[in-house]
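Each chain, letter by letter, is given below.
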Amino acid sequence: MKRSIALVCSLILMMSLFCGSAKAATYASDYLDAYDASLSTGSRSGQLSLSFCAYASDSMTSLGISSIAVYTAGGSYVKTISGSTSNGLLAAYSSGHRGAYSISVTPGQEYYLRLTFVARDSYSGDSKSYTTNTAIAAR
């Protein structure tokens, strides 16, 4: 019996080492079960395209991205965009939210984003920071 338990524990440990993702989902909280984002070149000149998802442990009054800070690849601050339900960055009364958002910047330059993911219910909530990959704005 002890040998079987040790074998199962060893297998779980090995699987977690080789199958684990380095994404932010590994840093989930009591409110946020998982969250992730990816930045890519947009379809129009001067556009970046952000794809994101956020999942909560239960239905939240607010779930998604509360703010986007835009930076050049060199680290210079460009602007901040506030998330809301009207621009699609936040969802109300949901346990999961996926979306895409276009950001207008200078064409041909490389950027990255610092996102703040949030999950709030009527009692409390949590927020987590996430830095995206870099992408070049469409020319």
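Residues numbered from 1 in each chain as written. Predicted model: local features only at pLDDT ≥ 70, side-chain atom pairs only at ≥ 80, totals over all residues. Heavy atoms only, no water.

S.K.: I'm lost on the pairing of strand β7 (residues 110-120) in this one. Help?
M.R.: In regular strands, side chains alternate between the two faces of the sheet. For strand β3 (residues 62-72) and β7, the ladder comprises 10 bridges, and the chain directions are antiparallel. For A69, the partnering residue across the bridge sits in β7 and is R114. Pairing between β7 and strand β9 (residues 135-136): 2 bridges, direction antiparallel. Across the sheet, residue E110 finds its bridge partner in β9, namely I136. In the sheet, β7 pairs with strand β8 (residues 125-131) via 7 bridges, with the strands oriented antiparallel. Within β8, the position partnered with R120 by the bridge is G125. (Pairing = 2+ DSSP bridges. Helix = DSSP H or I, 4+ residues; strand = E, 2+ residues; numbered from the N terminus.)

S.K.: Quick question: what am I supposed to make of the sheet that holds strand β1 (residues 32-41) here?
M.R.: The strands that make up a sheet pair up through hydrogen bonds in the backbone, lying either parallel or antiparallel. Pairing is antiparallel across the open sheet formed by 3 strands, whose spatial order is β1-β2-β6. Edge positions in the sheet fall to β1 and β6 (94-104), since each has one partner strand and no second. Ignoring which end each strand starts from, the neighbouring axes of this sheet average 10 degrees apart. Bridging between strand β2 (residues 47-60) and β6 involves 10 bridges; their strand directions are antiparallel. Within β6, the residue paired with M60 across the bridge is S94. (Axes fitted to C-alpha atoms, helices over the stretch in contact; angles between N-to-C directions.)

S.K.: I keep staring at the packing of aromatic side chains and nothing clicks. Help me out?
M.R.: In this description, a pair of aromatic rings is defined by centroid distance and the angle of the planes. Tallied over the entire structure, the rule returns 5 aromatic pairs. Where Y35 meets F117, the ring centres are 5.1 Å apart and the plane angle is 40 degrees; that geometry is what we call tilted. Taken together, the residues Y35 in strand β1 and F117 in strand β7 connect sequence positions 82 residues apart. Judged by its relative accessible area of 3%, Y35 is buried. Over the face of the ring belonging to Y71 we find R114, whose NZ or CZ atom lies 4.6 Å from the ring centre. (Phe/Tyr/Trp six-rings, centres within 6.5 Å; stacked < 30°, edge-to-face > 60°. Buried < 20%, exposed > 50% of the residue type's maximum accessible area, 1.4 Å probe, protein only. Lys NZ or Arg CZ within 6 Å of the ring centre and 35° of its normal.)

S.K.: I tried to follow the confidence of the model for the protein on my own but got confused; where do I start?
M.R.: When pLDDT is averaged across the protein, the result is 86; 80% of the residues are at 70 or more. Scored below 50 in pLDDT, residues 1-26 shows 9 contacts in the model against residues more than four places distant or in partner chains. (pLDDT = per-residue confidence, 0-100. Contact = heavy atoms within 4.5 Å.)

S.K.: Looking at this structure, how should I read the nonpolar core?
M.R.: For soluble globular proteins, the rule of thumb is that nonpolar side chains tend to be buried together. One finds L50, I68, I103, L115 and F117 to be the most contacted residues of the largest nonpolar core, which totals 28 residues. Listed by contribution, the elements that provide at least two residues to this core are β1, β2, β3, β6 and β7. Among the elements that make up this core, the one with the highest residue count is β2 (6 residues). (Core = buried A, V, L, I, M, F, W, Y, C linked by side-chain atoms within 4.5 Å.)

S.K.: Help me out: how do you make sense of the side chain of T132 in this one?
M.R.: Here T132 is to be found in the loop between β8 and β9. Sequence-distant contacts of T132, defined by excluding residues within four places in its chain, comprise A37, L39, L50, Y112, L113 and L115.

S.K.: Help me understand the pairing of β3, please; the structure alone is not making it clear to me.
M.R.: Among the 11 residues that make up β3, 10 are buried, leaving the element largely enclosed by the rest of the structure. Sheet analysis places β3 next to strand β5 (residues 90-91), joined by 2 bridges and oriented antiparallel. Within the sheet, the bridge partner assigned to G64 lies in β5 and is L90. As paired elements, β3 and strand β4 (residues 77-82) share 5 bridges and run antiparallel to each other. Among the inter-strand pairings, I68 is bridged to a residue of β4, identified as I81.

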